[in-house]
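Letter by letter, the chains look like this.
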Amino acid sequence: MTTFNNRAYFSNAAGAGYGVQLWSTDGSEANTTEFLSTFSISNLDLTPFDITPWKDGFIFQGIDPDRARQTIYFSDGTQSGTVRTGVGTFLNNNGYEQVRGNLFADNDLIYFTAGNRLFSSDGSETNTVVIFDLSVLGEGLITNLVTLDEKIYFTYCGEGPPCTLWLIDLDS
């Protein structure tokens with residue numbers, strides 16, 4: 001959930017068989033409405049998550065109904081201004097690897113993980129780059145990303161315990 005322009009944006013299931021979509025509210029029951037739905041486009045839920053303020057709007061992950069894969073969307077708070085970014089699904093050696101959780105923004109960049117790789121992006125495909133790759137450690141997941149004092153902290157859980165804490169200094 002995030003707030004933008006005096007409204008809160010959140011995931012909500014509208015009812016049985018309808019799926020999870022993006023909703024917004026100004027805090028009143030009368031102005032709590034479905035903001036964006038892919039259900040009318042396809043039988044896929046939008047399933048928005050990691051709704052995060054960014055620049056003059058907010059970003060979130062959701063299902064791209066054209067590709068049936070997770071992607072990152074940007075919204076300026078209007079339906080017509082809610083668009084897919086250039087960040088979407090990434091290939092790995094085993095086929096497609098979907099964008100997973102851990103989406104967050106810091107200044108002009110967004111950060112997210114796909115499996116055991118950490119990416120940064122300005123929202124375009126061209127400027128989406130791997131900034132940290134733990135694939136040499138085998139299968140595993142990067143989780144729990146946070147920023148503090150120009151550093152990214154996260155945990156990495158590999159094939160066996162324990163999970164380890166990692167740090168990336170964005171100034172270096």
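This text follows the structure it describes.
Summary of the structure given here. Source: prediction; values computed, not measured.

1. What about the state of the cysteines?
In the structure shown here, the tally under the stated rule is one disulfide. Cys157 shares a disulfide with Cys163; S-S distance 1.9 Å. The chirality of the disulfide connecting Cys157 with Cys163 is right-handed, given an S-S dihedral of about 115°. Given the relative accessible area of 47%, Cys163 is considered partly exposed.

2. Digging into the side chain of Thr82
Here Thr82 shows up in strand β8 (residues 82-84). Thr82 sits in the buried class, given a relative accessible area of 12%. Looking at Thr82, its side chain comes within polar contact range of the main-chain oxygen of Thr78, at 2.7 Å. Excluding residues that lie within four positions of it along the chain, Thr82 makes contacts with Phe35, Leu36, Phe60, Phe74 and Ser75.

3. A closer look at unusual backbone geometry
With a phi angle near 65°, Asn6 is a residue other than glycine that sits in the positive phi range. Among the secondary structure elements, Asn6 is positioned in the loop between β1 (2-4) and β2 (7-13). Judged by relative accessible area, which is 76%, Asn6 ranks as exposed. If you check the backbone angles, Lys55 has positive phi at about 50° while not being a glycine. Its location among the elements puts Lys55 in the loop between β5 (49-54) and β6 (57-64). A residue is classified by how much of its surface remains accessible, and Lys55, at 48% relative accessible area, is partly exposed.

4. With respect to the side chain of Asn102
Summarising the element assignment, Asn102 is placed in the loop between β10 (95-97) and β11 (104-106). Among the residues examined, Asn102 registers a relative accessible area of 19% and is labelled buried. Side chain to side chain, Asn102 and Thr113 meet in a polar contact 2.9 Å long. The contact partners of Asn102, leaving out residues within four places of it in the chain, are Asp50, Gln61, Tyr111, Phe112, Thr113, Ile142, Thr143, Asn144 and Leu145.

5. As for the packing of aromatic side chains
By the definition in use, this model includes twelve aromatic pairs. Ring plane angle 20° and centroid distance 5.2 Å describe the contact between Phe104 and Tyr111, whose orientation is recorded as stacked. Looking at Tyr111, the relative accessible area reads 5%, which means it is buried. With a centroid separation of 5.1 Å and an interplanar angle of 0°, the aromatic rings of Phe112 and Phe119 are classed as stacked. Note on Phe112: relative accessible area 0%, which makes it buried. A residue is classified by how much of its surface remains accessible, and Phe119, at 2% relative accessible area, is buried.

6. What to know about the pairing of β2
For β1 and β2, the ladder comprises three bridges, and the chain directions are antiparallel. Following the sheet pairing, Thr3 is matched in β2 by Ala8. In sequence, β1 turns back onto β2 through a hairpin of two residues, with Asn5 there showing a positive phi of about 50°. Where β2 lies against strand β3 (residues 20-25), six bridges are found, and the strand directions are antiparallel. By the bridge assignment, Asn12 is partnered in β3 with Gln21.

The rules behind the values
Residues numbered from 1 in each chain as written. Predicted model: local features only at pLDDT ≥ 70, side-chain atom pairs only at ≥ 80, totals over all residues. Heavy atoms only, no water. Disulfide = S-S within 2.5 Å. Buried < 20%, exposed > 50% of the residue type's maximum accessible area, 1.4 Å probe, protein only. Helix = DSSP H or I, 4+ residues; strand = E, 2+ residues; numbered from the N terminus. Polar contact = N/O pair within 3.5 Å; in protein donor to acceptor, adjacent residues only side chain to side chain. Contact = heavy atoms within 4.5 Å. Phe/Tyr/Trp six-rings, centres within 6.5 Å; stacked < 30°, edge-to-face > 60°. Pairing = 2+ DSSP bridges.

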